[in-house]
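Spelled out, the chains give:
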Amino acid sequence: MMQSSEMQANGRRWRWLQNPCLVSPSLMCADLLRLGEDIKALEVAGADALHVDVMDGHYVDNLALGYDLLKQVRDATHLPIDVHLMVEHPESCIERVLAAGADLCIIHSETTRTPLRLLRTIHATGAAAGIAINPATTVESIELLLPLVQMVLVMTVEPGFAGQRLVGFTLEKIEQLAALRASKSMQFTIGVDGAVSQEVVSNAASCGATFFVGGTSGVFLGDGTDFTTAIKGLKQAAKQR
Ligand code: DX5
Ligand code: ZN
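Now for a description of the structure that goes with this document.

Parameters and conventions
Residues numbered from 1 in each chain as written. Chains lettered and ligands numbered in written order. Predicted model: local features only at pLDDT ≥ 70, side-chain atom pairs only at ≥ 80, totals over all residues. Heavy atoms only, no water. Donors = N, O, S within 2.8 Å, 3.2 Å for Na, K, Ca; no water. Helix = DSSP H or I, 4+ residues; strand = E, 2+ residues; numbered from the N terminus. Buried < 20%, exposed > 50% of the residue type's maximum accessible area, 1.4 Å probe, protein only. Arc of directions from axis to C-beta. Right-handed = clockwise from strand over helix to strand, strands pointing away. Pairing = 2+ DSSP bridges. Core = buried A, V, L, I, M, F, W, Y, C linked by side-chain atoms within 4.5 Å. Contact = heavy atoms within 4.5 Å.

Before going further, it helps to spend a moment on the coordination of the zinc ion (ligand 2). Here the zinc ion (ligand 2) is held by the protein donor atoms H51 (NE2), D53 (OD), H84 (ND1) and D193 (OD), which lie 2.1 to 2.3 Å from it. One chain supplies every donor to the zinc ion (ligand 2), and in sequence these donors are spaced H-x1-D-x30-H-x108-D. Placement of the pair is D53 in strand β2 (residues 50–56) and D193 in strand β8 (residues 189–193), with a sequence separation of 140 residues. The pair D53 / D193 is uniform in exposure class, with both members buried.

As structure tokens, this is what we get:
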């Protein structure tokens, strides 16, 4: 497999993504008026990363988390930050996002005409690069990019809003990605985002996913469950695959 010099140089920095089970709570689901407290509590509770959703109101019908908040999150935690860019023309914001502090930057392939250049820009700063695929986006459509990314984030709901119901057929794409990865000796991590409950973690893990974005279905349960119990529950579910 051909690797760019940036990819070879950054291999060690991206090794955290190879962990067999990573839970990344989605900060758009946190108490935004007490975000610093929630971040500390998530660290103590065993979160492996923090997921920051950036939305522009065009690619998705929602507005969320921008550069200044991202900078503050960067200053507030030692955890890796994965930034999920749900924006049209990510080229226009990628430099600022990377400068604000992203360890992993995930783009949607439909949002750019020059994905290779974008992936190179991400890698040039030392960050890992990921591609998110919507429920109706096929694995085939991103197949040529797979050797160049460190993560494929399989959206198990339409992007844009927390609290939606799982789109069941998306789990088959995890199996498809895992099979492709094995057949071509690739190394990207497979993540899932959207409606990630314990049941979904268990099913997704058995298909080959190891990175789980925890939103209202998995971490911010709103029923009094504390973060430690919620995150532990997701990690146990991943083992019971
Ligand atoms: C959806 C976001 C997710 C969201 C998922 O577009 O990317 O990060 O928070 O959380 P759930 O579906 O569990 O509420
Ligand atoms: Zn997300």
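What follows concerns helix α2 (residues 35–44). Along α2, the residues classified as buried are L35, D38, I39, L42 and E43. Down the axis of α2, the buried side of the element spans an arc of 140 degrees, and every buried residue falls inside it. In α2, the exposed positions angled more than 90 degrees off the buried face are occupied by E37 and V44. Positive backbone phi, at 100 degrees, marks G46, one or two positions downstream of α2.

In terms of burial, strand β5 (residues 104–108) is a largely internal element, five of the five residues being buried. Alternating positions in β5 separate into two faces, L104, I106 and H108 on one and C105 and I107 on the other, with burial throughout. Assessed by its sense of winding, the connection that carries the chain from strand β4 (residues 81–86) through helix α4 (residues 94–101) to β5 is right-handed. Pairing of β5 with strand β6 (residues 128–133), which is carried by five bridges, proceeds in the parallel orientation. Residue pairing in the sheet places C105 in a bridge with A129 of β6. Handedness of the β-α-β unit built from β5, helix α5 (residues 115–124) and β6 comes out right-handed.

On to the nonpolar core. L85 and F212 are the most contacted members of the largest nonpolar core, which has 66 residues in total. Beyond its immediate stretch of four places on either side in the chain, L85 contacts V54, P90, C93, I94, V97, C105, I106, I107 and H108. If you look at the next biggest cluster of nonpolar residues, it comprises 15 residues, including W16, L153, F211 and V213.

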